[in-house]
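Analysis of the macromolecular model
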Amino acid sequence: MESIDSAGQTGTEQAATDGDRQQATERRRRELLEAAERIVLRDGPGASMNAIAAEAGITKPILYRHFGDKGGLYRALAVRHTDALLANLRAALDGQALRRERVEATLDAYLVAIETRPQVYRFLMHPADEDVPSESGFDVGRHSAPLLRRLGEELAEVVAERLDLGPDGAERARVWGHGIVGMMHAAGDWWLRERPCSREQLVHHLTDLLWGQLATAQNLADGPGF
C-alpha cells in the first residue's frame, strides 16, 4: 500500500509531480540558453546579462536563479557548443575516406564552426573590449581553458583508440590531442581575425604540418582505424 504525504499525495503522484517540475525547469533553461545565443550572435563578447534577460522577457534576478552569474551562463553555452563541435569532429574522423582526407575534414569541421558563428566563438574565447561595470570580474580565460582541455582530452581518446603509438602510446596520444587542439585554436583565431588565406588553404597547410609521424603510425590491430 502506497504511503500518503501531508499534502495528500501518494509516492507515485509525488514522483510524477517532481518529474514534471524537472522537465519544466529543463525546458525553461533551454529557452533561456536560446535567448542567450540570440544576444551572443548579435553582440558577441559584449553580450550582457541585462540584454539576455530582456531578450528572454524576464528580470536579471530570474536569470541569475538559473545560471548563478555570467560564468554559469558561459559554462552552459560552452557545454552546448562543445558537445556539437565534438560530434562534428568525430563524424569527420569516422568518414569513409583516406586518412589525410579525414584529418583535413576534421580540421575543416573546427574552422567551419568558428567561421559560421564567429560571435559565439568570440564570446566563448575572448573578453569584451570594454568592461561592463556590473559584470566586472568575469574572467573569460578562466572559463575557456577547461573548454580547450576537454577538446584536447576527447581528441586524445580518439587518437589512442585508433593508432598504435607504442609502449608510451597513452602519453603520446594526450600530447598529440592537446597539441592539435592548441594548433587549431591558435591558427583558427589568427585566421578568423586576419583572413590571410582561404579556409581550404589553411586546412591544407595545417595538415601538412601534422602529416609527419601521423602519416606513418600504424592502426591498432583491434581498433576502429584512423
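Located above this text is the structure these notes cover.
Below you will find a few notes about this structure. (Residues numbered from 1 in each chain as written. Predicted model: local features only at pLDDT ≥ 70, side-chain atom pairs only at ≥ 80, totals over all residues. Heavy atoms only, no water.)

In terms of regular secondary structure, the protein chain is built from nine helices and two strands. Within the protein chain, counting contacts between residues at least 6 apart in sequence, those at least 24 apart form 68% of the total. Summed over all atoms, the accessible surface of the protein chain reaches about 12500 Å², with 52% contributed by carbon and sulfur. (Helix = DSSP H or I, 4+ residues; strand = E, 2+ residues; numbered from the N terminus. Contact = heavy atoms within 4.5 Å. Areas by Shrake-Rupley, 256 points an atom, 1.4 Å probe, with all protein chains shown as cover.)

Attention now moves to unusual backbone geometry. The phi angle at Arg-195 is positive, at roughly 45 degrees, despite the residue not being glycine. Along the chain, Arg-195 falls in the loop between helix H8 (169-194) and helix H9 (199-216). By relative accessible area, which is 41% here, Arg-195 ends up partly exposed. (Buried < 20%, exposed > 50% of the residue type's maximum accessible area, 1.4 Å probe, protein only.)

To continue, consider the packing of aromatic side chains. The relation between two aromatic rings is expressed through the spacing of the ring centres and the mutual angle of the planes. The tally for this structure, following the rule as stated, stands at one aromatic pair. Their ring planes at 40 degrees and their centres at 6.0 Å tell us that Tyr-74 and Phe-123 sit as a pair that is tilted. With Tyr-74 in helix H4 (residues 70-93) and Phe-123 in helix H6 (residues 118-125), this residue pair connects regions lying 49 residues apart in the sequence. Given a relative accessible area of 1%, Tyr-74 falls into the buried group. A relative accessible area of 2% means that Phe-123 is categorised as buried. Between Arg-100 and the ring centre of Trp-211, over which it is positioned, the NZ or CZ distance is 5.8 Å. Stacked on the ring of Trp-191, the Lys or Arg Arg-195 has its end atom at 4.4 Å from the ring centre. (Phe/Tyr/Trp six-rings, centres within 6.5 Å; stacked < 30°, edge-to-face > 60°. Lys NZ or Arg CZ within 6 Å of the ring centre and 35° of its normal.)

For the rest of this paragraph, the subject is the side chain of Arg-99. Tracing the chain through its elements places Arg-99 in helix H5 (residues 99-116). Despite its burial, Arg-99 pairs with no opposite charge, the nearest such side chain being Asp-164 at 10 Å. Leave out the neighbours within four places in its chain, and Arg-99 touches Leu-163, Trp-211, Leu-214, Ala-215, Ala-217, Gln-218, Asn-219 and Phe-226. (Lys, Arg positive; Asp, Glu negative; His and termini not counted. Salt bridge = Lys/Arg side-chain N within 4 Å of Asp/Glu carboxyl O.)

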